[in-house]
Amino acid sequence: MITIEKKKICIVGLGYIGLPTAAMFATHGHQIVGVDVNENVVEALNQGKIIIEEPYLDLMVQAAVTSGNLRAQSIPEEADFFIISVPTPINSDKTADLSYVRSAAESIVPFLREGNAVVLESTSPPGTVTDVLVPILEKSGLKIGEQLLVAHSPERVLPGRILIELVDNPRIIGGINAKSAEVVRDLYRTFVKGDIYLTDTTTAEMCKLMENTYRDVNIALANELAKLCEKFGINAWDVIKFSNKHPRVNLHQPGPGVGGHCLAVDPWFIVERQPELANIIKLSRITNDSMPHHVYERAKSILSGVKGVKKVTIFGITYKPNIDDMRESPIIELIDLFEKDGEYKVTAYDPHVSNFKLLEKDIKKAVEGSHLLILGVNHDEFAKLDLKAICKQMAAPNLFDTRNFFDRESVCEAGFNFYLLGDGSRGK
Ligand code: SAJ
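Residues numbered from 1 in each chain as written. Predicted model: local features only at pLDDT ≥ 70, side-chain atom pairs only at ≥ 80, totals over all residues. Heavy atoms only, no water.

Draft legend 1. Geometry of the packing of aromatic side chains. In this structure the tally under the stated criterion is 9 aromatic pairs. Relative to Phe-338, the ring of Tyr-296 has its centre 5.5 Å away and its plane inclined at 75°; by these criteria the two rings are edge-to-face. On the criterion of sequence distance, the pair formed by Tyr-296 in helix H12 (residues 291–302) and Phe-338 in helix H13 (residues 330–341) is long-range, its members being 42 residues apart. Ring geometry for Phe-315 against Tyr-349: centres 5.1 Å apart, planes inclined by 50°, an arrangement best described as tilted. Of the two residues, Phe-315 is situated in strand E9 (residues 310–315) and Tyr-349 in strand E10 (residues 344–349); the sequence distance between them amounts to 34 residues. (Phe/Tyr/Trp six-rings, centres within 6.5 Å; stacked < 30°, edge-to-face > 60°. Helix = DSSP H or I, 4+ residues; strand = E, 2+ residues; numbered from the N terminus.)

This is the structure we're talking about:
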């Protein structure tokens, strides 16, 4: 049997990343003190409960708390390791708001002792560890890299699969020096089964940002292709399907825009630091941000013949399929565009969402008298829709698919006029 050396870890920030990480370390034998400014989070955790949604996290937290290895409080205390996993939201000028990182770092300074290590998990602009974190930690009087080790260990997990991906994904750990990287790697090794690669802190920061930027840029290319194909009178989805038969091509999927708190945010952290150089990255963000407006313009032209107020029904309003997360959802922006216009009445239907101002729980009522049904997000549930019955409820039989989810033939058979994002062929 392998025995692990039990460490005391203080984890500051018990959100989507900090809490699963805390539970993971605790169930692997370490002693964890979770710290959060939100009293509800602290109170819930001490009762073995959680206030976020993630498969199996509740069970793991309950087990960790019951074992005595996990407890929460509102201020840090002395420990061997300190992990900072607080949000790094985006400001309205598209720069990173590092105020949570700063205050978390300040809050641990009084508790730092020789031999400790501090790990930043939060996604941050390149240079944050060296230029923002280290100067704060120096206030402890400890010599950075010798008496106090510092590293960046960015999370890379996909919401909905956090507990699996925390364990299985490869990890990149950037140290302020080699010793910092190695000591922090040994800690994460307790539960990480994926490979762990060591580097410097700024490289690790840039890796995390580039992973999401890579995806964002590729989606922008697909979205530009969709707009081009609409003009060329061809179908972008066919172009993607056939082009991807090439062994070295992987065109992504166009859509109504890019949502979530990662792809729509992280590329800006690079642009912020080098606005003159990060041209492709910036243009991709702008391209993806233009998609809700593009969908709105197409909807307007589909409905140009309808007089008076037009009812638009939107199926799926989350930022991606089969989740309840609406953060940065492009569909919410699309809804805002319709609402500002004044000529449209919007109703939303989404089996994953329970709280939204325009939500209609009854599918029949949602489509009743509607002039256009827009598929915003391709939740699995929508594969089983009775399209014929839906079509009968509508005032005008228009269906606009922004995800290439429906089969044109069955939609037309059900009585709809079918419109597809990226398709200018009009069914040819
Ligand atoms: N999307 C498209 N076309 C595509 C793929 C996605 O329009 O071809 C859209 C989706 O509809 C969605 C958005 O992109 O609105 C983002 O979805 P996603 O599944 O690509 O990513 P996230 O934001 O849920 O999670 C990402 C992941 N990063 C990568 O896959 C590179 C995850 O591993 C990261 O941990 C996470 O960001 C994060 O926290 O950074």
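There is more to say, and it comes next.
Draft legend 2. Summary view of the state of the cysteines. For the coordinates displayed, the defined rule picks out 0 disulfides. The thiol of Cys-229 is unpaired, and the distance to the nearest cysteine sulfur, on Cys-412, comes to 19 Å. (Disulfide = S-S within 2.5 Å.)

Draft legend 3. Layout of the sheet that holds strand E6 (residues 148–152). Read across the sheet, 8 strands follow the order E3-E2-E1-E4-E5-E6-E7-E8 without closing on themselves; strand pairing throughout is mixed. Edge positions in the open sheet fall to strand E3 (70–73) and strand E8 (196–200), since each of these has one partner strand only. The sheet shows a mean angle of 25° between the axes of neighbouring strands, taken without regard to direction. Where strand E7 (residues 171–175) meets E8, 5 bridges bridge the pair, whose relative direction is parallel. The partner of Gly-175 across the bridge, within E8, is Asp-200. In the packing of helix H7 (residues 178–188) onto the sheet, the strands contacted are strand E1 (8–12), strand E4 (81–84), strand E5 (116–120), E6, E7 and E8, and the crossing angle to E7 comes to about 145°. (Pairing = 2+ DSSP bridges. Axes fitted to C-alpha atoms, helices over the stretch in contact; angles between N-to-C directions. Contact = heavy atoms within 4.5 Å.)

Draft legend 4. Spotlight on unusual backbone geometry. One non-glycine residue, Asn-322, adopts positive backbone phi at about 65°. Positionally, Asn-322 belongs in the loop between E9 and H13. With a phi angle near 55°, Asn-404 is a residue other than glycine that sits in the positive phi range. Among the secondary structure elements, Asn-404 is positioned in the loop between strand E12 (398–401) and helix H16 (408–413).

Draft legend 5. Representation of the domain arrangement of the protein chain within the structure. Domain boundaries assigned for the protein chain yield domain 1 (8–194), domain 2 (209–289) and domain 3 (291–420). The centre of domain 1, based on its C-alpha atoms, is set 40 Å off from the matching centre of domain 3. Between domain 1 and domain 3, the contact holds 4 residues from the first and 4 residues from the second. Roughly 340 Å² of surface becomes buried between domain 1 and domain 3 when both sides are summed, with 43% attributable to carbon and sulfur atoms. Contact with domain 3 buries surface across domain 1, with Tyr-16, Glu-53 and Pro-159 losing the most and accounting together for 80% of the total. (Domains from an automatic or database assignment. Buried area = accessible area lost by both parts, 1.4 Å probe.)

Draft legend 6. Spatial organisation of a nonpolar patch on the surface. Residues Leu-228, Phe-232 and Ile-234 make up a contiguous nonpolar surface patch of roughly 300 Å² in combined accessible area. On the secondary structure map, Phe-232 appears in helix H8 (residues 201–232). The exposure class assigned to Phe-232 is exposed, which follows from its relative accessible area of 59%. (Patch = residues over 30% accessible without salt bridge, like charges linked within 9 Å, V, L, I, M, F, W, Y side chains within 5 Å. Areas by Shrake-Rupley, 256 points an atom, 1.4 Å probe, with all protein chains shown as cover. Salt bridge = Lys/Arg side-chain N within 4 Å of Asp/Glu carboxyl O. Buried < 20%, exposed > 50% of the residue type's maximum accessible area, 1.4 Å probe, protein only.)

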